[in-house]
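Below are the chains, spelled out letter by letter.
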Amino acid sequence: MTEIIEGINFIAGVDDMIPDSHVYVIGEPSSQDLSIIDAGLMGKGNYKLQTIKKAGIKVEDIKRIIMTHIHLDHIGCLNEIREKLPWVELWVHDQEAESLEQGDERTVYGMEMFRNMCQMQYGLKDGDFTFEVNKKLQGGESLEIGGTVWEVLHIPGHSPGGIALYHRTKRALIPGDVIYADYAIGRFDLHGADASELKKSLGRLSELDVDILLPGHNRVARDLPEGYLEETAKQWEPYLT
Ligand SMILES: [Zn+2]
Ligand SMILES: [Zn+2]
(Lines give C-alpha, C1' and ligand atoms only; values in the text may rest on other atoms or scores of the structure.)
(Ligands and ions follow the chains in the order given, each with its own letter.)
Protein backbone atom coordinates (compact mmCIF):
# COMPACT_ATOMS: atom_id res chain seq x y z
CA MET A 1 0.00 0.00 0.00
CA THR A 2 1.27 3.45 -0.87
CA GLU A 3 0.42 6.65 0.92
CA ILE A 4 -0.42 9.25 -1.72
CA ILE A 5 -0.85 11.96 0.89
CA GLU A 6 -2.03 11.76 4.48
CA GLY A 7 -5.52 10.32 4.48
CA ILE A 8 -5.31 8.80 0.99
CA ASN A 9 -3.73 5.39 0.50
CA PHE A 10 -3.45 3.41 -2.69
CA ILE A 11 -3.52 -0.34 -3.38
CA ALA A 12 -2.68 -1.20 -6.98
CA GLY A 13 -4.99 -3.57 -8.80
CA VAL A 14 -3.35 -6.82 -9.93
CA ASP A 15 -4.80 -7.61 -13.32
CA ASP A 16 -5.84 -11.13 -14.19
CA MET A 17 -7.57 -12.19 -17.42
CA ILE A 18 -9.70 -9.16 -16.66
CA PRO A 19 -8.37 -5.97 -15.06
CA ASP A 20 -8.54 -5.61 -11.29
CA SER A 21 -9.48 -2.13 -10.10
CA HIS A 22 -7.24 -0.13 -7.81
CA VAL A 23 -8.46 0.44 -4.27
CA TYR A 24 -8.11 3.68 -2.33
CA VAL A 25 -8.35 3.83 1.44
CA ILE A 26 -9.45 7.27 2.58
CA GLY A 27 -9.71 8.88 5.99
CA GLU A 28 -7.28 10.35 8.51
CA PRO A 29 -5.37 7.51 10.18
CA SER A 30 -6.42 8.63 13.67
CA SER A 31 -10.13 8.87 12.82
CA GLN A 32 -10.91 5.15 13.11
CA ASP A 33 -13.41 5.89 10.37
CA LEU A 34 -11.88 4.70 7.12
CA SER A 35 -13.53 4.10 3.77
CA ILE A 36 -12.48 1.79 0.98
CA ILE A 37 -13.14 3.07 -2.51
CA ASP A 38 -13.97 0.14 -4.82
CA ALA A 39 -13.22 -3.52 -4.13
CA GLY A 40 -11.75 -5.17 -7.22
CA LEU A 41 -11.91 -8.33 -9.24
CA MET A 42 -12.97 -11.77 -8.05
CA GLY A 43 -10.26 -13.48 -6.01
CA LYS A 44 -8.52 -10.24 -5.06
CA GLY A 45 -10.32 -9.57 -1.78
CA ASN A 46 -7.75 -11.27 0.37
CA TYR A 47 -4.88 -9.51 -1.34
CA LYS A 48 -6.55 -6.14 -0.77
CA LEU A 49 -7.23 -6.83 2.92
CA GLN A 50 -3.78 -8.30 3.56
CA THR A 51 -2.22 -5.23 1.98
CA ILE A 52 -4.21 -2.99 4.30
CA LYS A 53 -3.22 -5.04 7.36
CA LYS A 54 0.45 -5.06 6.38
CA ALA A 55 0.38 -1.27 6.31
CA GLY A 56 -0.60 -1.35 9.99
CA ILE A 57 -4.21 -0.33 9.48
CA LYS A 58 -6.76 -2.04 11.67
CA VAL A 59 -9.46 -3.49 9.48
CA GLU A 60 -11.91 -2.79 12.31
CA ASP A 61 -11.52 0.88 11.38
CA ILE A 62 -12.94 0.29 7.92
CA LYS A 63 -16.55 1.37 8.12
CA ARG A 64 -17.75 1.42 4.52
CA ILE A 65 -17.07 0.62 0.91
CA ILE A 66 -17.96 3.33 -1.56
CA MET A 67 -18.22 2.18 -5.17
CA THR A 68 -17.26 4.55 -7.96
CA HIS A 69 -19.42 2.25 -10.11
CA ILE A 70 -20.46 -1.38 -10.13
CA HIS A 71 -18.57 -2.91 -13.07
CA LEU A 72 -17.32 -6.41 -12.39
CA ASP A 73 -13.66 -5.40 -12.14
CA HIS A 74 -14.62 -3.08 -9.23
CA ILE A 75 -17.31 -5.09 -7.45
CA GLY A 76 -16.09 -8.65 -8.17
CA CYS A 77 -14.51 -9.23 -4.74
CA LEU A 78 -17.02 -7.24 -2.70
CA ASN A 79 -18.48 -10.48 -1.35
CA GLU A 80 -15.02 -11.66 -0.27
CA ILE A 81 -14.36 -8.42 1.61
CA ARG A 82 -17.79 -8.34 3.23
CA GLU A 83 -17.32 -11.90 4.41
CA LYS A 84 -14.25 -10.77 6.38
CA LEU A 85 -15.67 -7.38 7.38
CA PRO A 86 -19.40 -8.04 7.76
CA TRP A 87 -20.08 -4.67 9.40
CA VAL A 88 -19.01 -2.50 6.46
CA GLU A 89 -21.69 -0.45 4.79
CA LEU A 90 -22.08 -0.25 1.04
CA TRP A 91 -22.52 3.17 -0.54
CA VAL A 92 -23.42 3.38 -4.23
CA HIS A 93 -24.99 5.97 -6.50
CA ASP A 94 -28.76 5.69 -6.62
CA GLN A 95 -28.89 4.66 -10.27
CA GLU A 96 -26.66 1.66 -9.76
CA ALA A 97 -27.89 0.87 -6.24
CA GLU A 98 -31.23 -0.03 -7.73
CA SER A 99 -29.61 -2.59 -10.05
CA LEU A 100 -27.79 -4.19 -7.13
CA GLU A 101 -30.88 -4.37 -4.96
CA GLN A 102 -33.00 -5.83 -7.74
CA GLY A 103 -30.35 -8.31 -8.82
CA ASP A 104 -30.18 -6.74 -12.27
CA GLU A 105 -26.61 -7.59 -13.27
CA ARG A 106 -26.56 -6.07 -16.74
CA THR A 107 -24.45 -3.11 -15.64
CA VAL A 108 -22.15 -5.32 -13.55
CA TYR A 109 -21.23 -7.49 -16.54
CA GLY A 110 -21.62 -4.82 -19.20
CA MET A 111 -22.48 -7.26 -21.98
CA GLU A 112 -24.16 -10.62 -22.22
CA MET A 113 -21.23 -12.38 -23.84
CA PHE A 114 -18.98 -11.20 -21.05
CA ARG A 115 -21.42 -12.48 -18.43
CA ASN A 116 -21.28 -16.00 -19.84
CA MET A 117 -17.52 -15.96 -20.11
CA CYS A 118 -16.98 -14.65 -16.58
CA GLN A 119 -19.49 -16.94 -14.98
CA MET A 120 -17.73 -19.90 -16.53
CA GLN A 121 -14.24 -18.68 -15.80
CA TYR A 122 -14.85 -17.62 -12.20
CA GLY A 123 -17.64 -20.01 -11.17
CA LEU A 124 -20.15 -17.19 -10.71
CA LYS A 125 -23.88 -17.58 -10.91
CA ASP A 126 -26.82 -15.25 -11.50
CA GLY A 127 -27.63 -13.34 -8.34
CA ASP A 128 -24.08 -13.22 -6.96
CA PHE A 129 -24.14 -9.43 -7.24
CA THR A 130 -27.35 -8.73 -5.39
CA PHE A 131 -26.68 -6.40 -2.46
CA GLU A 132 -28.53 -4.21 -0.04
CA VAL A 133 -27.17 -0.69 -0.36
CA ASN A 134 -26.86 1.25 2.91
CA LYS A 135 -26.50 4.70 1.43
CA LYS A 136 -27.68 5.78 -1.99
CA LEU A 137 -25.63 8.69 -3.26
CA GLN A 138 -27.21 11.30 -5.49
CA GLY A 139 -24.27 13.47 -6.44
CA GLY A 140 -23.87 16.95 -4.97
CA GLU A 141 -23.39 15.84 -1.39
CA SER A 142 -20.31 16.51 0.75
CA LEU A 143 -19.27 13.45 2.69
CA GLU A 144 -17.58 14.25 5.99
CA ILE A 145 -15.89 10.97 6.66
CA GLY A 146 -12.74 10.03 8.49
CA GLY A 147 -11.83 13.63 9.21
CA THR A 148 -11.85 14.52 5.53
CA VAL A 149 -14.43 16.04 3.22
CA TRP A 150 -15.17 14.54 -0.18
CA GLU A 151 -17.60 15.99 -2.67
CA VAL A 152 -19.64 13.50 -4.68
CA LEU A 153 -20.16 14.17 -8.38
CA HIS A 154 -22.48 12.06 -10.48
CA ILE A 155 -20.57 11.51 -13.72
CA PRO A 156 -22.55 9.11 -15.94
CA GLY A 157 -21.35 8.01 -19.37
CA HIS A 158 -18.97 5.15 -18.67
CA SER A 159 -21.73 3.66 -16.50
CA PRO A 160 -25.14 5.07 -15.50
CA GLY A 161 -24.40 5.75 -11.83
CA GLY A 162 -20.69 6.46 -11.92
CA ILE A 163 -19.41 8.90 -9.32
CA ALA A 164 -16.24 10.85 -8.69
CA LEU A 165 -15.02 11.79 -5.25
CA TYR A 166 -13.28 15.14 -5.06
CA HIS A 167 -11.17 16.51 -2.23
CA ARG A 168 -11.19 20.22 -2.88
CA THR A 169 -8.44 21.39 -0.54
CA LYS A 170 -6.03 18.62 -1.48
CA ARG A 171 -7.04 18.94 -5.15
CA ALA A 172 -7.41 15.16 -5.40
CA LEU A 173 -9.92 13.39 -7.66
CA ILE A 174 -11.07 9.77 -7.64
CA PRO A 175 -12.98 9.47 -10.95
CA GLY A 176 -13.44 5.69 -11.24
CA ASP A 177 -13.06 4.73 -14.89
CA VAL A 178 -14.25 7.99 -16.39
CA ILE A 179 -10.80 9.50 -16.91
CA TYR A 180 -7.29 8.15 -16.54
CA ALA A 181 -3.79 9.53 -16.65
CA ASP A 182 -2.10 9.92 -20.05
CA TYR A 183 -5.13 11.41 -21.82
CA ALA A 184 -7.21 8.21 -21.69
CA ILE A 185 -10.89 7.92 -20.82
CA GLY A 186 -13.16 5.00 -19.95
CA ARG A 187 -14.96 2.93 -22.57
CA PHE A 188 -18.47 3.89 -23.53
CA ASP A 189 -19.84 0.81 -25.24
CA LEU A 190 -21.06 -1.25 -22.27
CA HIS A 191 -24.62 -1.62 -20.96
CA GLY A 192 -25.81 1.72 -19.57
CA ALA A 193 -22.97 3.68 -21.13
CA ASP A 194 -23.72 6.89 -23.02
CA ALA A 195 -21.17 8.82 -25.05
CA SER A 196 -22.94 12.17 -24.88
CA GLU A 197 -23.35 11.85 -21.10
CA LEU A 198 -19.67 11.02 -20.87
CA LYS A 199 -18.85 14.18 -22.79
CA LYS A 200 -20.89 16.22 -20.29
CA SER A 201 -19.28 14.45 -17.35
CA LEU A 202 -15.79 15.15 -18.66
CA GLY A 203 -16.84 18.78 -19.09
CA ARG A 204 -17.90 18.95 -15.46
CA LEU A 205 -14.68 17.37 -14.25
CA SER A 206 -12.73 19.90 -16.34
CA GLU A 207 -14.00 22.67 -14.10
CA LEU A 208 -12.26 21.21 -11.05
CA ASP A 209 -8.75 22.09 -9.92
CA VAL A 210 -6.99 18.75 -9.77
CA ASP A 211 -3.34 17.99 -9.03
CA ILE A 212 -3.73 14.38 -7.96
CA LEU A 213 -5.64 11.96 -10.19
CA LEU A 214 -6.53 8.63 -8.62
CA PRO A 215 -8.20 6.55 -11.34
CA GLY A 216 -9.58 3.01 -11.26
CA HIS A 217 -6.77 1.62 -13.40
CA ASN A 218 -3.36 2.41 -14.78
CA ARG A 219 -1.10 5.11 -13.50
CA VAL A 220 -1.79 7.38 -10.54
CA ALA A 221 -0.79 10.94 -11.42
CA ARG A 222 0.41 13.06 -8.51
CA ASP A 223 1.35 16.20 -10.37
CA LEU A 224 -1.07 16.74 -13.22
CA PRO A 225 -0.20 19.46 -15.69
CA GLU A 226 -2.45 22.53 -15.49
CA GLY A 227 -5.61 22.03 -17.56
CA TYR A 228 -5.08 18.29 -17.95
CA LEU A 229 -8.75 17.32 -17.53
CA GLU A 230 -9.91 19.99 -19.94
CA GLU A 231 -7.34 18.98 -22.54
CA THR A 232 -8.35 15.31 -22.27
CA ALA A 233 -12.03 16.21 -22.63
CA LYS A 234 -11.22 18.31 -25.68
CA GLN A 235 -9.22 15.55 -27.37
CA TRP A 236 -12.06 13.06 -26.94
CA GLU A 237 -14.91 15.40 -27.79
CA PRO A 238 -15.11 14.42 -31.52
CA TYR A 239 -15.66 10.77 -30.56
CA LEU A 240 -18.34 11.42 -27.96
CA THR A 241 -21.52 12.06 -29.88
ZN1 LIG B 1 -15.76 0.52 -15.39
ZN1 LIG C 1 -12.64 -0.64 -14.16
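In short, a report on the structure.

## What about the overall build of the protein chain?
Item 1. Looking only at helices and strands, one finds eight helices and twelve strands in the protein chain.
Item 2. A compact globule built from 241 residues would reach a C-alpha radius of gyration of about 18 Å, and the protein chain, at 17 Å, matches this within 12%.
Item 3. Looking at the protein chain as a whole, 56% of its 241 residues are labelled buried.
Item 4. Counting only contacts in the protein chain whose residues sit at least 6 apart along the sequence, the fraction spanning at least 24 positions is 65%.
Item 5. Counting every atom, the protein chain has about 10,500 Å² of accessible surface; 46% of that belongs to carbon and sulfur.
Item 6. In the protein chain, 24 positive and 40 negative side-chain charges are present, and the distance between their average locations comes to 3 Å.

## A closer look at empty space enclosed by the protein
Item 1. Counting across every chain of the model gives one cavity of 30 Å³ or more.
Item 2. In this structure, the largest cavity spans a volume of roughly 30 Å³.
Item 3. Together, Thr68, His69, Ile155, His158, Ser159, Gly162, Ile163, Pro175, Gly176, Asp177 and Val178 line the largest cavity.
Item 4. Grouping the amino acids of the lining of the largest cavity by side-chain chemistry returns four nonpolar, six polar and one charged.

## Structural notes on unusual backbone geometry
Item 1. Its identity as a non-glycine residue notwithstanding, Tyr183 has a phi of 60°, on the positive side.
Item 2. Structurally, Tyr183 can be placed in the loop between strand S11 (172-174) and helix H7 (195-206).
Item 3. Notably, Asn218 is not glycine yet its phi reads approximately 65°, a positive angle.
Item 4. Along the chain, Asn218 falls in the loop between strand S12 (212-213) and helix H8 (228-236).

## Let's talk about the coordination of the zinc ion (ligand 1)
Item 1. Within the protein, the zinc ion (ligand 1) binds to His69 (NE2), His71 (ND1), His158 (NE2) and Asp177 (OD); these donor distances fall in the range 2.1 to 2.4 Å.
Item 2. For the zinc ion (ligand 1), the four donor atoms in the first shell make angles of 92 to 167° at the metal, a pattern classed as irregular.
Item 3. Every donor residue of the zinc ion (ligand 1) comes from the same chain, spaced as H-x1-H-x86-H-x18-D.
Item 4. What makes His71 buried here is its relative accessible area of 4%.
Item 5. The class for Asp177 is buried, based on a relative accessible area of 3%.

## Regarding the nonpolar core
Item 1. The biggest cluster of nonpolar side chains holds 35 residues, and the ones touching the most others in it are Ile52, Leu72, Ile75, Leu100 and Phe129.
Item 2. When near neighbours in sequence (up to four residues on either side) are disregarded, Leu100 contacts Ile70, Ile75, Leu90, Val92, Val108, Phe129, Thr130, Phe131 and Val133.
Item 3. With 22 residues, the next largest nonpolar core counts Leu202, Leu205, Leu208 and Leu224 among its residues.

## Points about the environment of Gly7
Item 1. Along the chain, Gly7 falls in the loop between strand S1 (2-5) and strand S2 (8-11).
Item 2. Judged by its relative accessible area of 2%, Gly7 falls in the buried class.
Item 3. For the pair Gly7 and Leu240, spaced 233 residues apart in sequence, the C-alpha separation works out to 35 Å.
Item 4. When neighbours within four sequence positions are excluded, Gly7 is seen to be in contact with Val25, Ile26, Gly27, Glu28 and Pro29.

Calculation notes
Residues numbered from 1 in each chain as written. Chains lettered and ligands numbered in written order. Predicted model: local features only at pLDDT ≥ 70, side-chain atom pairs only at ≥ 80, totals over all residues. Heavy atoms only, no water. Helix = DSSP H or I, 4+ residues; strand = E, 2+ residues; numbered from the N terminus. Rg over C-alpha atoms; globule rule 2.2 N^0.38 Å. Buried < 20%, exposed > 50% of the residue type's maximum accessible area, 1.4 Å probe, protein only. Contact = heavy atoms within 4.5 Å. Areas by Shrake-Rupley, 256 points an atom, 1.4 Å probe, with all protein chains shown as cover. Lys, Arg positive; Asp, Glu negative; His and termini not counted. Charge placed at Lys NZ, Arg CZ, Asp CG, Glu CD. 1 Å grid on protein atoms, 1.4 Å probe; cavity = no way out; pocket = protein on both sides within 12 Å on 5 of 7 lines; lining within 4 Å. Points joined across faces, edges and corners; volume = space filled by probe spheres on them. Nonpolar A, V, L, I, M, F, W, Y, C, P; charged D, E, K, R; others polar. Donors = N, O, S within 2.8 Å, 3.2 Å for Na, K, Ca; no water. Tetrahedral: all angles 85-135°; square planar, octahedral: opposite > 155°, others 65-115°. Core = buried A, V, L, I, M, F, W, Y, C linked by side-chain atoms within 4.5 Å.

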